[in-house]
Each structure stands twice: as structure tokens, then as C-alpha cells.
Amino acid sequence: MIQTILVDDEPRGINTLKKILEANCPEIKIVATCCNAADAKENIEQLKPDLVLMDISMPGKNSLEMLAEMKTINFQIIFVTAHNEYSIQAFKYSAVDYLLKPVHEDDLMNAVDRAGKKIAEGAINKNIETLLYNIQQQHKQIDIKICIPSLKGFQVVLINEIIYCEAESSYTTFHLVNGQKITASKSILEYEELLNFNDFIRIHRFYLVNLHHVKGYQRGEGGIVTLSNGKELEVSRRKKDLFIGIMKDRFRF
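Below is a short write-up of the structure. Along each chain, numbering runs from 1 in the same order as the chain's sequence is written. Thresholds applied to this predicted model are a pLDDT of at least 70 for local features of residues and 80 or more for the giving and counting of side-chain atom pairs; totals over whole chains, interfaces and linings are not thresholded and use all residues. Values shown for side chains rest on all heavy atoms present in the structure; no hydrogens or waters enter the calculation.

1. Details of the overall build of the chain
Helix and strand counts for the chain come out as eight helices and 15 strands. Reported as C-alpha extents along the three principal axes, the dimensions of the chain are approximately 65 × 35 × 30 Å. Under the scheme applied here, a residue whose accessible area is under 20% of the maximum for its type counts as buried, over 50% as exposed, and between as partly exposed, the area being computed with a 1.4 Å probe on protein chains only. Counting across all 253 residues of the chain, residues that qualify as buried make up 45%. Taking all contacts inside the chain whose residues are at least 6 apart in sequence as the whole, residues at least 24 apart take part in 53%. For the purpose of counting charges, residues Lys and Arg are taken to be positive, whereas Asp and Glu are taken to be negative. His and the chain ends are not included. Note that the charge is assigned to NZ on lysines, CZ on arginines, CG on aspartates and CD on glutamates. Charged side chains of the chain number 31 positive and 33 negative; the gap between the two group centres comes to 6 Å. Helix numbers and strand numbers start at the N terminus; a helix is a DSSP run of H or I with at least 4 residues, a strand a run of E with at least 2. Residue contacts are defined here by distance: any two heavy atoms, one from each residue, within 4.5 Å place the two residues in contact.

Okay, structure coming up:
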């Protein structure tokens, strides 16, 4: 059984979660329900749950502030949030599960399934640390971190340390400033959608580049981009005008 705590300051929110979980997730055992951060922290420390479903905004201290005070986070978390409360991008970068209110049954069941797999694998919750860091750094996009999932877990890197991403079938290889390569178990399309807020652009079906690491461009049918590590990458004809236009807009040349 997955020992679970529900945290929401609205009784209706608690009731919605309980109804869905009791009807669809027999592996879940609800051991406590909490209506504020102080109550949640006390129950978490005493009951040591496997999983916490946690609303973010609550009267007084919010759940993120409460988590930042905890010495260890050795349980899985599914956050529940409204659209405009916090940057959803910060949650996506951190590979943290979140549900948007109003909570839908299928979304909750899928999130619980993912959490159950992480619990079974004994996954370390470093992604929560990454989320808390990213929430604090939202105004400084260059300092945002990203969790890159691999077959063995995931690695956390600063976005500005990514030079470019390379598509390899349904996987993506990240090329970093220190020469390290990390192969992620997600497609380059997913990272194109995730990283376009941070000056990354798809220049070719195989390549997604960090514009801050572009050091030169050689004209041609599509052209060639030179990156900060000396790597030269082809620009496709279809992406050429978009690439040049964005470079001119970002760097005023």
C-alpha cells in the first residue's frame, strides 16, 4: 500500500481527490488529510508517507515554503495548482508531477501511477530540490535548472550549460559545456517545446541549439552554425530564415 497524505485548504479539493483515489487507486491508503502547511509538515514528519498530494496556495505559508524548510524530502509529491499561480515551466523543467485545478480523473490516475513506479524504484527526490531552486530563479532565466531523465534516473544541469541537443531516434543527447553528453529518454520535439522559452531554436530536424552558444554562421544553402565548443552544425533550408531572424531580433546585428 502507498501511504498517502492529502493537503488542501479547501474541503472540496480534499473530497475530490479522495473520491477519485478511492474509486480508482486501490493501492493508495490515505493516512491523513491536512488543511494548512503547518499541519501538513507535522503529519509528514510523524507518519512518514510514501506520497503527498499537495495544493500549493494556502492561507499563511504555502506548500513550497514548507518544503524548503524540511531537512529531507524522502517521499513523492504530486502538486495541485491553478493555471496562473506559479510558473508551470518551472515544474516542467524540474520533472515534477503537477495537476491543474479542476483535477481530472485520468490526470490524477496517471500521476499516481508514475509516483508508484518511482516509489517502487526508490527514486531520490532531487527533482523537488530543483523545483524549489527554479521557483526562486524564475526572474533569471539563465540560472534555471532542468532535470534530464535517462534510463538510469536523471541528471540536473543548468540550462545555460547546454550547448545543443541532438536527436537520436526517439532519444535526445545533450552536449554540455564541460564536454559531457547526456542521453535523455525523450524526443527532441519535447525539448524544443520545453526550451523555447530560454533562447533555444531548432535549426535542423536533428539539432536544437542554445543561441547563447552560437559563435558564428556561414552562409550557404541552409548554412553552417559554429558553436562555443567549436562544433559546426548544418542549418536546414527550411529553418534558415527563422534562425537568422531570431538571431537578429535577440542580438541586434
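The rest of the description comes next.
2. So, the pairing of strand β12 (residues 207-210)
Residues Tyr207 and Val209 of β12 are buried on one face, and the alternating residues Leu208 and Asn210, pointing to the opposite face, are buried as well. One requirement defines pairing of two strands: DSSP has to find at least two bridges between them. Of the strand pairs in this sheet, strand β8 (residues 162-168) and β12 are connected by three bridges, and their pairing is antiparallel. Each residue of the ladder has a partner; that of cysteine 165, found in β12, is leucine 208. In this sheet, β12 lies alongside strand β11 (residues 200-204) in antiparallel orientation, the contact comprising four bridges.

3. Focus: the packing of helix α1 (residues 11-24) against helix α5 (residues 105-121)
Remark: α1 packs on α5, axes separated minimally by 10 Å, with the N-to-C direction vectors making an angle of 65°. Put simply, α1 runs roughly perpendicular to α5. In this structure, the crossing between α1 and α5 has a hand that is right-handed. Every residue of α5 that contacts α1 at Leu17, Ile20, Leu21 and Asn24 is listed here: Glu105, Leu108, Met109 and Val112. Broken down by class, the residue content of the contact of α1 with α5 amounts to six nonpolar, one polar and one charged. Interaxial angle, 0 to 180 degrees, is taken between N-to-C directions of lines fitted to C-alpha atoms, where a helix line uses only the stretch in contact. Roughly parallel refers to an angle under 35 degrees, roughly antiparallel to one over 145, roughly perpendicular to one between 65 and 115, and oblique to any angle outside these ranges. Crossings are classed by handedness, with left-handed meaning an anticlockwise turn of the near helix from the far one by less than a right angle and right-handed meaning a clockwise turn. Each residue receives one of three labels: charged for Asp, Glu, Lys and Arg, nonpolar for Ala, Val, Leu, Ile, Met, Phe, Trp, Tyr, Cys and Pro, and polar for the others, Gly being one of them.

4. Concerning the pairing of strand β14 (residues 224-227)
Burial along β14 is one-sided: the residues Val225 and Leu227 are buried and none of Ile224 and Thr226 is. Bridge analysis of strand β13 (residues 214-218) against β14 gives four bridges, and the strand direction is antiparallel. The residue of β14 that forms the bridge with valine 214 is leucine 227. Here β14 pairs with strand β15 (residues 232-234) via three bridges, running antiparallel. Looking at β15, one finds that valine 225 is bridged to leucine 233.

5. Some points on the sheet that holds β12
Taken in spatial order, the five strands make up an open sheet running β10-β9-β8-β12-β11, and their pairing is antiparallel. Only two strands of the sheet have a single partner each, and these edge strands are β10 (181-184) and β11. Strand-to-strand twist across the sheet, computed as the mean angle between neighbouring axes with direction ignored, equals 20°. Where strand β9 (residues 171-176) lies against β10, four bridges are found, and the strand directions are antiparallel.

6. Observations regarding the packing of aromatic side chains
Any pair of Phe, Tyr and Trp rings, taking the six-membered ring for Trp, is counted once the centres come within 6.5 Å. Such a pair is stacked with planes under 30 degrees apart, edge-to-face with planes over 60 apart, and tilted for the rest. A full pass over the atoms with the stated rule returns six aromatic pairs. Note on tyrosine 164 and tyrosine 207: the rings are 6.2 Å apart at their centroids and 75° apart in plane angle, and the pair reads as edge-to-face. Remark: tyrosine 207 occurs in strand β12 and tyrosine 164 occurs in strand β8; sequence separation between them is 43 residues. Among the residues examined, tyrosine 207 registers a relative accessible area of 16% and is labelled buried. Linked through ring pairs, Phe79, Phe91 and Tyr98 together constitute an aromatic cluster. Two thresholds decide whether a charge sits over a ring: the Lys NZ or Arg CZ must be within 6 Å of the ring centre and within 35 degrees of the ring normal. Above the plane of the ring of tyrosine 133 lies lysine 145, whose end atom (NZ or CZ) is 4.2 Å from the centre.

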